[in-house]
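# Breakdown of the fold
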Amino acid sequence: MMPNIKTANPVNSFIPLSVPVIQGNEWTYVKECLDTGWVSSAGKYVQKFEETMCSYVGTKQAVACINGTSALHISLLLAGVGAGDEVIVPTVTFIAPVNAVRYVGAQPVFMDCDDYLNMDVQKLKDFFTEECLSRKGMLINKKTKKQIKAIIPVHIFGHPVDMEPLMILAKQYNLFVIEDATESLGSYYRQGKYSGKMTGSIADVGCLSFNGNKIITAGGGGMIVTNNKTWAEKAKYLTTQAKDDEVQYIHHEVGYNYRLTNVASAIGLAQMEKLEAFIATKRTNFELYKNLLSGVPGLSFIEEPAYGFSNYWFYSLVVDKKDFGLSNLELMEDLSKEKIQTRPIWYLNHLQKPYKKQQAYKIQKAKKYFERVLNLPCSVDLAAEDIKRVVESIKSLGNKK
Ligand SMILES: Cc1ncc(COP(=O)(O)O)c(C=O)c1O
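Criteria and thresholds
Residues numbered from 1 in each chain as written. Predicted model: local features only at pLDDT ≥ 70, side-chain atom pairs only at ≥ 80, totals over all residues. Heavy atoms only, no water. Axes fitted to C-alpha atoms, helices over the stretch in contact; angles between N-to-C directions. Helix = DSSP H or I, 4+ residues; strand = E, 2+ residues; numbered from the N terminus. Parallel < 35°, antiparallel > 145°, perpendicular 65-115°, else oblique. Left-handed = near helix turned anticlockwise from the far one by under 90°. Contact = heavy atoms within 4.5 Å. Nonpolar A, V, L, I, M, F, W, Y, C, P; charged D, E, K, R; others polar. Domains from an automatic or database assignment. Buried area = accessible area lost by both parts, 1.4 Å probe. Salt bridge = Lys/Arg side-chain N within 4 Å of Asp/Glu carboxyl O. Polar contact = N/O pair within 3.5 Å; in protein donor to acceptor, adjacent residues only side chain to side chain. Pairing = 2+ DSSP bridges. Near = heavy atom within 4 Å. Areas by Shrake-Rupley, 256 points an atom, 1.4 Å probe, with all protein chains shown as cover. 1 Å grid on protein atoms, 1.4 Å probe; cavity = no way out; pocket = protein on both sides within 12 Å on 5 of 7 lines; lining within 4 Å. Sits in = over half its atoms within 2 Å of the grid points. Points joined across faces, edges and corners; volume = space filled by probe spheres on them. Buried < 20%, exposed > 50% of the residue type's maximum accessible area, 1.4 Å probe, protein only. Arc of directions from axis to C-beta. Core = buried A, V, L, I, M, F, W, Y, C linked by side-chain atoms within 4.5 Å.

Two numbers describe how helix 11 (residues 328-337) lies on helix 13 (residues 384-397): the axes approach to 10 Å, and their chain directions differ by 125°. Here helix 11 is positioned oblique relative to helix 13, judged by the angle of their axes. For the pair helix 11 and helix 13, the sense of crossing is right-handed. Facing L331, D334 and L335 of helix 11, the residues of helix 13 in contact are S393, I394 and L397. Here the residues of the contact of helix 11 with helix 13 are counted per class, giving four nonpolar, one polar and one charged.

Structure, rendered in structure tokens:
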């Protein structure tokens, strides 16, 4: 049985930031899992979900994982990152990729963001040139004397990272690149070497997430995508407890219970059938917000770069208090009184308690955007009336104080 398709939130009802829309074959596929008893990882939906993702993202291999964080953890193991190594991560991101660096015993080095909130690739280049030494094919951080082994660019809120110069740097310095495409499923490049290629398919490996707030959900879940068969096989091995003998349970390595279940994969597969429609709606709704808010002093949006197509997972409003009259947090509080949920970007990772002693390179834009960005409601089932209500509230709150 399917729920009623939601129409506009009635006046004064709560408008959430981002909730999943489950209106397709989810019930049918999950029922089949339950009817047949194939609920764990061995069922057919795991493989179907992986195959569907391969053909969508354009990679040869995909390994479904229990969540996006475990996909990142395993990817770092594939990269051979371990104790004593360093990994370049953005300071503007959900903390999961930063924590994954610690899971393997390595240390993060934090990079600033550009005007799309993504890792600033020019600063990355400056950091390698000014602060590092290239020795015997290894990149050594002059300050810490540690080897930098990998970079984790994150396609923030769906907008593609400038991967072309980033991949040139990675090749030059012999670095493994893990693309965190957890927020950008369906985003791709329109210009340059990677024109037509999806985010997640450019680097050595890509990681996806199907958490409930993502553009599609499996009720949780993640995936590693890559063109490298050896790495995919290794990822599958490590995510299923590194089992070397199925009968006697012999293990030659430390493994993890990180494989996605059949039930979750069934939901993910059904959601994949809606992905293109979801992206179209995300983009239409973004345009509506943008048009309705254009001309309001002190307000602008983070938009997709010219070189890339964004899935517009989140709508990041940039609030300039000087001209708008309220800061991003003040606007958030006032909107919440009107039952409209919004959120600032994550607290900067280089300032988080477990990471504040780590190296951070010339963080400037991240501070500016942290103080200004407010993400607006962006669920796929938002009706035009909902968006108009959010916009009218924002307009009525501006320039009063
Ligand atoms: C940038 C980023 N990386 C990693 C993750 C982790 O994914 P998961 O929640 O599926 O572990 C998320 C989202 O949750 C994310 O936004």
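Let's shift gears to the domain arrangement of the chain. As far as domains go, the chain holds domain 1 (26-272) and domain 2 (275-397). Taken together, both faces of the contact between domain 1 and domain 2 bury some 4300 Å²; the carbon and sulfur share is 57%. On the domain 1 side of the contact with domain 2, F110, F157 and I215 bury the most area, a combined 18% of that side's loss. A salt bridge links K365 to D115; the shortest N-O distance between them is 3.0 Å. Joining domain 1 to domain 2, the criterion identifies 38 residue pairs in polar contact (both at pLDDT 80 or more). Secondary-structure elements contributing two or more residues to the side of domain 1 that touches domain 2 are helix 4 (96-103), strand 3 (107-111), helix 5 (121-131), strand 8 (188-189) and helix 8 (262-272). Grouping the constituent residues of the side of domain 1 that touches domain 2 by class yields 24 nonpolar, 14 polar and 13 charged.

Reading across the sheet, the four strands line up as 11-13-15-14 and stay open at both edges, with antiparallel pairing between neighbours. Lying at the two open borders of the sheet, with one neighbouring strand each, are strand 11 (299-301) and strand 14 (343-344). The pairing of strand 14 with strand 15 (residues 373-376) spans two bridges and is classified as antiparallel. The partner of P344 across the bridge, within strand 15, is L374. Strands strand 11, strand 13 (315-319) and strand 15 of the sheet are contacted by helix 9 (residues 275-293), whose axis makes an angle of about 20° with strand 13. Each of strand 13, strand 14 and strand 15 is contacted by helix 11, which is oriented at about 30° to strand 15, the strand it contacts most.

Attention shifts here to the site of the ligand. Around the ligand there are 16 residues in total, and T69, D180, E183, S209 and K214 lie nearest to it. Side-chain polar atom of T69 to an oxygen atom of the ligand: 2.5 Å apart, as the coordinates give it. A distance of 2.6 Å is found between an oxygen atom of the ligand and a side-chain nitrogen or oxygen belonging to E183. When the free accessible area of the ligand is taken as 390 Å², the share hidden by the protein chains comes to 92%. Here the ligand is seated within the largest pocket. Mapped onto the shell around the ligand, the elements with two or more residues apiece are helix 3 (68-78) and helix 4. Considering every element that reaches the shell around the ligand, the biggest residue donor is helix 3, with three residues. Tallied by class, residues from the shell around the ligand come to five nonpolar, eight polar and three charged.

With that settled, consider empty space enclosed by the protein. For the structure on display, the rule yields two cavities of 30 Å³ or more. A volume near 90 Å³ is recorded for the largest cavity. If you trace the largest cavity, you find 16 residues lining it, with V19, P20, K214, I215 and V380 closest to the centre. Shared between two domains, the lining of the largest cavity takes at least three residues from each, and those domains are domain 1 (26-272) and domain 2 (275-397). The calculated volume of the second largest cavity comes to roughly 30 Å³.

Glancing now at helix 8. Extensive coverage of helix 8 is indicated by the burial of 10 of its 11 residues. Within helix 8, burial applies to N262, A264, S265, A266, I267, G268, L269, A270, Q271 and M272. On its buried face, helix 8 sits against helix 1 (26-36), helix 2 (44-57) and helix 9.

With that settled, the discussion passes to the packing of helix 5 against helix 6 (residues 163-173). Two elements in contact, helix 5 and helix 6, have axes whose closest approach is 9 Å; the angle formed by their N-to-C orientations is 20°. Taken together, the axes of helix 5 and helix 6 lie roughly parallel to each other. Helix-helix and strand crossings are classified by hand; for helix 5 and helix 6 the assignment is left-handed. Where helix 5 abuts helix 6, its residues V121, L124, K125, F128 and T129 lie against P165, L166, L169 and Y173. Among the residues forming the contact of helix 5 with helix 6, the class breakdown is seven nonpolar, one polar and one charged.

Attention now moves to helix 5. Within the sequence span of helix 5, burial applies to V121, K123, L124, F127 and F128. Projected down its long axis, helix 5 shows its buried positions confined to an angular sector of 155°, all on one face.

In globular proteins that are soluble, nonpolar side chains generally tend to be buried together. In this structure, M53, L185, L331 and I394 are the most contacted members of the largest nonpolar core, which totals 70 residues. Taken domain by domain, this core gets at least three of its residues from each of domain 1 (26-272) and domain 2 (275-397). Membership of the second largest hydrophobic core comes to 32 residues, among which are A71, L72, F176 and I178.

Next up on the list: unusual backbone geometry. Phi is positive for Q241, which is not a glycine, with a value near 65°. With respect to the helices and strands, the residue Q241 is situated in the loop between helix 7 (229-239) and helix 8. Taking relative accessible area as the criterion, Q241 reaches 35% and is therefore assigned partly exposed.

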